[in-house]
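# Structural features, examined
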Amino acid sequence: MAVLPMKRLQLCALKKNRKAILELLQRRGAVEVQDTGEDEVFTHADMSQARSIFQKNAALANQALDVLARFAPEQKPLLSMLEGRQEMTLEEYTAFQDRQDETLKVAYRLQALDKRVAEQRAEIPRMQAQVEELTPWLGLDVPMRHPGTHATDSFVGALPGEWTLEGIYTELKSRAESVSAVDIEIVSASREQTCLFVTATKSEAQQAEDALREMGFARPAHVTHRVPADKKRLLEERIDKLQAKIDADVAEIHSLAEHRQDLKLLSDFYAMREEKYGVIGKLMQSKRTFVLTGYIAARDVPALESELTAHFDVALDFFDPAPDEDVPVALKNGPLAAPVEGVVASYSLPGRGEVDPTSVMAIFYYVLFGMMLSDAGYGLIMVAACSFVLLKCKNIESGLKKSMQMFLYCGISTTVWGVLFGGFFGDAVGVIASTFFHSDLTFKALWFEPVSEPMRLLVFSFLLGIIHLFVGLGMKFYQLCREGKVKDAVYDVVFWYMLVGGAVVYLLTMEMITDMMGLSFTLSPTVGTVAAVVAGLGALGIIAFSGRDSRNPFKRLLKGLYGVYGVTSYLSDILSYSRLLALGLATGVIATVFNKMGTMLGGGVGGAILFTVVFLIGHTLNIGINLLGAYVHTNRLQFVEFFGKFYEGGGRGFSPFGAHTKYFKFKEEK
């Protein structure tokens with residue numbers, strides 16, 4: 001377990017080499033650049049406008065890629081989502097800069113084509129709606145805006161519902177008796193409406209329309225100066241032309257799909273430049289020189305120093321940070337512990353002076369996770385799936401790779417606990433053997449079956465919890481001793497060991513307790529007496545020294561008594577480990593229920609089909625639900641019970657200046 005030692009870096013170089021030096025640092029990703037103040041000689045450059053342009057261009061490239069994804073989606077293999085960024089050499093990156101402007105033009109063209117296609121596609125429904133509106137009027141052989149003659153006026157409109165010509169005239173006459181010179185033609189009639197072409201003398205036209213309006217008559221919202229059939233034909237021709245334009249634009253988009261890789265590189269190119277110019281804004285600069293300060297892991301100092309001095313005229317200074325500095329935190333652990341670094345980081349990185357708990361936590365993490373899931377079949381599935389991903393996806397990203405490794409180790413632990421507890425897809429072996437082969441073959445537990453002996457599992461869970469908590473106290477003891485606080489280690493750790501450990505041993509001398517827990521032994525009264533004395537001395541020590549920061553004796557006593565009251569938290573912490581029993585039993589019991597459901601039709605072909613379907617669906621649901629439960633509750637036992645004994649966190653993660661790209665990463669140079 002290790003928090004990497006950090007060094008302060010101060011670099012001074014000529015301004016003409018600034019671009020090359022920053023690009024080298026960005027590719028290496030080893031230095032966290034700090035923002036420094038200004039003085040009379042060195043000032044900061046305002047890079048906000050340049051960064052805004054780079055952000056805009058990166059967004060343009062991403063929009064162009066989105067256009068290609070919608071119109072010409074990239075064919076990817078099934079596991080492509082697990083593949084990491086593509087590797088790119090420095091030569092390939094340099095060569096791209098020559099075609100950067102051309103790729104930017106492609107991005108603009110794709111954006112313009114997408115906009116035009118969207119506008120054209122929006123226009124087609126509008127025209128189709130006009131065609132729909134014209135359909136009832138196709139029988140009209142004059143324009144809908146027919147002006148009439150010198151002596152008459154003409155207009156069109158519709159009555160609600162289906163009317164006959166006789167009915168219209170009768171209703172019109174009853175409403176306007178004086179109207180006599182009016183001619184009505186039914187253009188079309190349906191259950192919804194009756195479309196009319198009305199002609200009347202100029203003197204009676206308005207009166208006739210008013211009477212028709214009383215009947216529900218309404219003029220159409222859109223009328224045309226053309227004959228409806230001609231207008232429909234023109235609209236359909238326009239729709240065909242628009243569709244042809246859309247097809248041509250889509251075809252051009254497809255032809256530009258060959259630039260997809262360059263567009264990805266363009267996005268990363270401007271993202272890197274935006275980040276680089278953000279760093280430039282933090283540098284102290286004079287007319288001809290610049291100064292860069294920051295943090296670097298001590299292990300990376302020799303390599304970076306050698307590379308910088310070999311290529312540039314630079315002045316480098318590496319020194320230890322001051323004790324009160326906010327030094328960033330980076331972790332370095334072995335292959336077994338490194339996968340759970342993300343779990344520690346999700347809680348909090350170690351604070352100043354704290355030890356890295358990852359290695360110790362990893363052991364318990366795998367053990368507790370496997371015990372909660374505890375089915376060999378499920379464990380083998382996890383091992384197989386994670387191994388396949390790790391072997392198949394060689395270029396997987398570091399974070400995802402660690403997650404796969406973590407679940408691989410959890411799967412191994414789950415398999416081991418499944419063998420110990422006799423769980424292989426629940427009791428699937430026995431059920432299949434008895435139902436379909438009339439055999440008494442079973443998957444026997446190497447240790448014991450939790451369903452048959454739940455109290456035994458509960459006692460073991462408590463024992464494991466006590467060990468877990470005591471190791472946490474041990475971490476606190478080590479941390480205090482490392483800081484030179486040996487007395488505090490005795491007061492805050494040893495006395496608690498005495499109190500809690502003595503109390504546990506004393507309980508084991510009580511026959512009632514051992515019988516309740518199903519233990520086959522009871523410690524002797526002599527051991528109980530010694531344990532009680534040890535626990536009492538621990539309690540007295542806590543009372544005497546828990547409030548040692550207070551000078552007032554009365555306050556000190558009250559704080560000491562309150563400190564002893566903290567023993568109840570240990571009781572609740574130990575009881576928390578009963579979740580190991582609960583989740584372990586839940587996995588096995590639910591699996592057994594699904595196996596039982598699958599045998600409802602007994603043996604035979606029908607029974608085999610039902611069993612297969614129920615087996616696949618049931619165990620898929622079971623492994624999904626309990627895998628999530630094991631992950632959540634394992635994290636809880638680490639964060640609340642284990643970390644609560646010694647770990648505060650609060651460290652700031654190491655965030656080096658690097659190529660934080662989406663699609664490509666620089667290939668490591670040998």
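Scope of this entry: the structure provided in the associated data block. (Residues numbered from 1 in each chain as written. Predicted model: local features only at pLDDT ≥ 70, side-chain atom pairs only at ≥ 80, totals over all residues. Heavy atoms only, no water.)

### A short note on the side chain of Thr514
Structurally, Thr514 can be placed in helix α17 (residues 511–517). Owing to a relative accessible area of 0%, Thr514 belongs among the buried residues under this scheme. The contacts of Thr514, once residues within four sequence positions are left out, are Leu508, Leu519, Phe521 and Thr522. (Helix = DSSP H or I, 4+ residues; strand = E, 2+ residues; numbered from the N terminus. Buried < 20%, exposed > 50% of the residue type's maximum accessible area, 1.4 Å probe, protein only. Contact = heavy atoms within 4.5 Å.)

### A few points about the sheet that holds strand β5 (residues 182–189)
In space, the three strands of this open sheet follow the order β4-β6-β5, with antiparallel pairing throughout. Sheet topology places β4 (152–160) and β5 at the edges, where each strand pairs with a single neighbour. Direction aside, neighbouring strands of the sheet carry axes that sit 20 degrees apart on average. In this sheet, strand β6 (residues 193–201) lies alongside β5 in antiparallel orientation, the contact comprising seven bridges. Directly across from Ile186, in β6, lies its bridge partner Leu196. (Pairing = 2+ DSSP bridges. Axes fitted to C-alpha atoms, helices over the stretch in contact; angles between N-to-C directions.)

### Section: a nonpolar patch on the surface
A cluster of nonpolar side chains, Val605, Ile609, Val613, Leu616, Ile617, Leu621 and Ile625, forms an exposed patch at the surface whose accessible area comes to about 710 Å². When you line up the elements, Val605 lands in helix α22 (residues 604–642). Judged by relative accessible area, Val605 falls into the exposed class, the value being 64%. (Patch = residues over 30% accessible without salt bridge, like charges linked within 9 Å, V, L, I, M, F, W, Y side chains within 5 Å. Areas by Shrake-Rupley, 256 points an atom, 1.4 Å probe, with all protein chains shown as cover. Salt bridge = Lys/Arg side-chain N within 4 Å of Asp/Glu carboxyl O.)

### Re a positive patch on the surface
Side chains of Arg226, Arg238, Lys241 and Lys245 sit close together on the surface and give a patch of like positive charge. Locating Arg238 in the fold gives a position in helix α7 (residues 228–255). A relative accessible area of 41% means that Arg238 is categorised as partly exposed. (Lys, Arg positive; Asp, Glu negative; His and termini not counted. Charge placed at Lys NZ, Arg CZ, Asp CG, Glu CD.)

### Regarding the environment of Gly422
Tracing the chain through its elements places Gly422 in the loop between α13 (398–421) and α14 (428–436). Under the relative-accessibility criterion, Gly422 is labelled buried at 15%. With 88 residues separating them along the chain, Gly422 and Gly334 place their C-alpha atoms 32 Å apart. Apart from the residues lying within four places of it in its own chain, the contact partners of Gly422 are Phe443, Lys444 and Ala445.

### Some points on the nonpolar core
In terms of nonpolar packing, the biggest core is built from 73 residues, with Ile21, Leu25, Leu110, Leu292 and Leu308 touching the most fellow members. Looking at this core, the element that brings in the most residues is helix α4 (residues 100–134), giving ten residues. Ignoring any residue separated from it by four or fewer positions in sequence, one finds Leu110 in contact with Ala64, Val67, Leu68, Ile253, Leu256 and Leu263. Grouped together as the second largest cluster of nonpolar side chains are 50 residues, Phe421, Leu464, Tyr577 and Leu581 included. (Core = buried A, V, L, I, M, F, W, Y, C linked by side-chain atoms within 4.5 Å.)

### Regarding the packing of helix α2 (residues 48–71) against α4
Where α2 contacts α4, the two axes come as close as 9 Å, and the packing angle between them is 55 degrees. Taken as axis vectors, α2 and α4 run oblique relative to one another. In the packing of α2 onto α4, the handedness of the crossing is left-handed. Residues Lys56, Asn57, Leu60, Gln63, Ala64, Val67, Leu68, Arg70 and Phe71 of α2 lie in contact with α4, whose contacting residues are Leu104, Ala107, Tyr108, Leu110, Gln111, Asp114, Val117 and Arg121. The residue makeup of the contact of α2 with α4, split by class, is ten nonpolar, three polar and four charged. (Parallel < 35°, antiparallel > 145°, perpendicular 65-115°, else oblique. Left-handed = near helix turned anticlockwise from the far one by under 90°. Nonpolar A, V, L, I, M, F, W, Y, C, P; charged D, E, K, R; others polar.)

### A closer look at the pattern of salt bridges
Summed over the entire model, instances satisfying the criterion amount to 31 salt bridges. One connected set of salt bridges, linked through shared partners, spans Lys19, Glu23 and Lys276.

### Thoughts on the packing of aromatic side chains
Within this structure, the stated rule accounts for 39 aromatic pairs. Centre to centre, the rings of Phe364 and Phe642 are 6.1 Å apart; their planes meet at 40 degrees, and the pair counts as tilted. Placement of Phe364 in helix α11 (residues 358–373) and of Phe642 in helix α22 is noted, with a sequence separation of 278 residues between them. Each member of the pair, Phe364 as well as Phe642, is classed as buried. Consider the rings of Phe642 and Phe643, whose centres lie 5.9 Å apart with planes at 35 degrees: the pair is tilted. By the burial criterion, Phe642 is buried, and Phe643 matches it. Residue placement shows Arg8 over the ring face of Tyr295; its charged tip is 5.0 Å from the ring centre. (Phe/Tyr/Trp six-rings, centres within 6.5 Å; stacked < 30°, edge-to-face > 60°. Lys NZ or Arg CZ within 6 Å of the ring centre and 35° of its normal.)

### A look at the packing of α4 against α7
Pairs of packed helices are described in terms of their axes, by the angle between the two and the distance that separates them. Remark: α4 packs on α7, axes separated minimally by 9 Å, with the N-to-C direction vectors making an angle of 160 degrees. For the element pair α4 / α7, the angle class is roughly antiparallel. As α4 runs across α7, the sense of the crossing is left-handed.

### So, helix α6 (residues 205–214)
Within the sequence span of α6, burial applies to Ala205, Ala208, Glu209, Ala211 and Leu212. Buried residues of α6 fall within an arc of 160 degrees about the axis and therefore sit on the same side. (Arc of directions from axis to C-beta.)

### Digging into the environment of Leu265
Tracing the backbone shows Leu265 in helix α8 (residues 260–280). With residues near it in sequence (within four places) discarded, Leu265 still touches Met88, Phe96 and Phe664.

### A few points about helix α19 (residues 553–565)
Side chains three or four residues apart in an α-helix point the same way, a direct result of the helix having 3.6 residues per turn. The end-to-end C-alpha distance of α19 is 18 Å, a good match for the 18 Å that 13 residues give at a rise of 1.5 Å each. Capping the start of α19, Asn552 holds a side-chain oxygen 2.8 Å from the backbone nitrogen of Phe554, two or three residues further along. (Expected span 1.5 Å × (residues − 1). Polar contact = N/O pair within 3.5 Å; in protein donor to acceptor, adjacent residues only side chain to side chain.)

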